[in-house]
Amino acid sequence: MMSELEIRNLTKHYGETRVLHPVSLSVERGEFVTILGPSGCGKSTLLRILMGISEASGGEIHLAGKRLDLAPPEARDIAMVFQSYALFPHMSVAKNLGFGLKMKNVPKDERAKRIAHVVDICNLHGLLDRMPRQLSGGQQQRVALARAVVMQPSLLLFDEPLSNLDAKLRDSLRHDLVALHRRIGTTSLYVTHDQAEAMAMSDRIVVMNAGRIVEIGTPLELYRSPRHVFTAQFLGQTNLLTVEASGTGGRLPWGQVITLDRPATGTAQVSLRPENIAIIADENGVATVSSVAFLGATLFYTMEIGTLSLKVSQAGGVDPLSVGTRVSFDLAGPVHLLDHLPMAEAA
Amino acid sequence: MTLLAIDSREAPRRRLFKAEDRPLVSAGLYLALALCIALPLTLMFLWSVADGWQPPSIFPQSFTTSRWIHILGDENLVAALLTSLFIAFTVTILTALIAMPTAWAMGRFPFRLKRLVEIFILAPVIIPGLVVAVGVGKVFLLLGLAYSVAGVIIVQIVGTLPLMIRLMSATFETIPDELIHAARSLGAGTASIVLHVILPLSVPGLLAGGLMSFIGSFEEFDKSFIVGAPVIQTLPIKLYMYLDPYSMQLPLAAIVSFILLLPALIVFIIAGRIMRDDLMAAGMGKI
């Protein structure tokens, strides 16, 4: 059984420079998958190849059982939502929505029906006669989304569609997007560098770095038990520490003994999330608070233990400890052990 | 840090005029408009109807319409006008068609020696029309294009092409790649993209370039004269014949100028109307 979208050993190089090392990925029908990575990680290149703007140097892509990478861009069953919205500025909202259907020779009454439906689900009532420049950023993005959805494609691509909006609007559109996906169920590939966005929306996240897929997993898996250092650092905040492990026991640099979530021997690396460290003021404690930041819902500390510093977060309801306070701390549950893999072997 | 410093110094300069300066600014602009356009037009009109106008009198002593009647009564004038209109339309359309591929390449692709190509494109503007015409005239004689409408059209396109290419490449430059990618992913082939996206978005540039070409062709004299005259009589050629080289005939010159100015004025008024249209402005608005 083949997945809805199958990417096999896709590569891309410009001369000697490799921008995509062999990348393989399969996305199930109806899944919402996010490709997450810093700029220059190859996620945009992957998107451009999927769209047909750019040609792969090697590998294959299959969509709904058909070979995708050999078809010209206009014949691919894909619709894209662009970061810059890319609405046609000389066409009204209605014409923008109808453009693709017209190009694909959808009959007029069918066109009207589909536009009416998409206006309904994207909440564009009363905007059909407006020109794009008469719309706010959020409205423009909703039109861009509707223009893609109205095509009823096998695959929806999103290229950082929310990054041009302000934080509040981004939040509300993120919810709208998730709700929309739940309703239409189109297989979606969402590209972003914003880990919060990826965590909030995706069924699965594909973490990319330097042209390779680092790790694939659900937001929960990737956050709680990442295999790779890069994932641990890129998704949320973390403390990376070296331990001397034997079995499920481990010894932190300052001598504290901890329980690991799986057995290991020798030197290993652990990821300790700031929220899994509980601190209390203690005159005999090993650590000293070196900075405090009150962020409303959370309190954020930096602690010094000898030459090491640890990030710790606490629910914001309590009174903050002042800088210089000596503290001792507890770790909630076993500590997550990272795979000891150099970057290049991760893919 | 340096960048910030420059920014803060430039910020107040952008707000040179405030709302309360508006009457003053518009008064100044209208005054400039009157001095540059209305005053010369009035003087020209007075000269064309003056029957003797000697210093120190401020207005002509007496008026006559006989010269207007004489020139407008010339039936060859209408024929010349039609020839000119036909040539100007053809030149405009051909200029646009020929300019577009070059402009597309200049506006959207980086390539080696782009600067050199640019200079090559602008060369006809730098070299006087007379020089071009004399050289081209010789070649046209050999090719049998001399004294033909086709010959005049071709030699005029040499003059109108550079500006059209410049304007169109500037227009094409402003069309974002994403729009074209979006159209393509929505199922539009190359022809549909040109027709539904690129052309509508190029209308402001096409209009500006088209107007310039039309007027440039309509009023072109030296190249058309050398290649076409006396067989092909365009309006400027016909009208320049009225000007007696041995005595300065201000009244006749005024009439000639008036007639040649008319199409330019009409075309610009039409263009102004269209430009104000919402749809057209959208092409120039932000995306």
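Along each chain, numbering runs from 1 in the same order as the chain's sequence is written. Here the convention is simple: chains get letters from A, ligands get numbers from 1, in the order in which they are written. Selection of residues for local features in this predicted model requires a pLDDT of at least 70, selection of side-chain atom pairs for listing and counting requires 80 or more, and totals for whole chains, interfaces and linings are taken over all residues. Hydrogens and water are ignored here; the side-chain numbers use all heavy atoms of the structure.

- An unreviewed UniProt entry lists chain B under the name ABC transporter permease, with Rhizobium oryzicola given as the organism.
- UniProt positions are given in the numbering used here, feature names are shortened, and annotations may be inferred rather than shown by experiment. As stated in UniProt under Sequence similarities (unreviewed entry), the record for chain B gives "Belongs to the binding-protein-dependent transport system permease family."

- The name given to chain A in an unreviewed UniProt entry is ABC transporter ATP-binding protein, with the source organism recorded as Rhizobium oryzicola.
- What UniProt states about chain A under its Sequence similarities (unreviewed entry) heading is, verbatim, "Belongs to the ABC transporter superfamily."
- Per UniProt, the comment on chain A under Subcellular location (unreviewed entry) is "Cell inner membrane".

Quick notes on the interface of chain A and chain B
Many analyses report the size of an interface as the accessible area lost when the parts associate.
Then, in step 1: We call two residues in contact whenever any of their non-hydrogen atoms come within 4.5 Å of each other. Contacts between the two partners involve 24 residues from chain A, matched on the other side by 20 residues from chain B.
Then, in step 2: Buried area adds together the accessible area that both of two parts lose upon being put together, with accessible area traced by a 1.4 Å probe. Across the chain A/chain B interface, buried area totals approximately 2,100 Å², and carbon plus sulfur atoms make up 70% of it.
Then, in step 3: Just to be clear on terms, a salt bridge is a Lys or Arg side-chain nitrogen sitting within 4 Å of an Asp or Glu carboxyl oxygen. Here chain A is connected to chain B by one salt bridge.
Then, in step 4: Salt-bridge contacts for E74 of chain A lead to R184 of chain B; the nearest nitrogen and oxygen are separated by 3.4 Å.
Then, in step 5: In protein, a polar contact requires one atom able to donate a hydrogen and another able to accept it; more generally it is a pair of N or O atoms within 3.5 Å, and residues adjacent in sequence count only if both atoms are side-chain atoms. Run the count over chain A and chain B and you get three residue pairs in polar contact (both at pLDDT 80 or more).
Then, in step 6: Those elements giving two or more residues to the side of chain A that touches chain B turn out to be α1 (43–51), β6 (78–81) and α2 (93–103) of chain A.
Then, in step 7: Helix and strand definitions follow DSSP, with helices as H or I runs of at least four residues and strands as E runs of at least two, each counted in order from the N terminus. Tallying contributions element by element places α2 of chain A first for the side of chain A that touches chain B, with four residues.
Then, in step 8: Residues were grouped as follows: Ala, Val, Leu, Ile, Met, Phe, Trp, Tyr, Cys and Pro as nonpolar; Asp, Glu, Lys and Arg as charged; and all remaining residues, including Gly, as polar. Partitioned by chemical class, the residues of the side of chain A that touches chain B number 15 nonpolar, three polar and six charged.

Points about the packing of helix α8 (residues 177–185) of chain B against helix α9 (residues 190–218) of chain B
All names here are of chain B.
Then, in step 1: The convention used is that axes are lines fitted to C-alpha atoms, helices contributing only their stretch in contact, and that angles between N-to-C directions extend from 0 to 180 degrees. Where α8 contacts α9, the two axes come as close as 10 Å, and the packing angle between them is 145°. In this structure, α8 meets α9 at a crossing whose hand is right-handed. Contacts from L179, I180, A183 and R184 in α8 reach T190, I193, V197, I198 and L201 in α9.
Then, in step 2: Each residue belonging to the contact of α8 with α9 can be placed in one class, and the counts come to seven nonpolar, one polar and one charged. Crossings are classed by handedness, with left-handed meaning an anticlockwise turn of the near helix from the far one by less than a right angle and right-handed meaning a clockwise turn.

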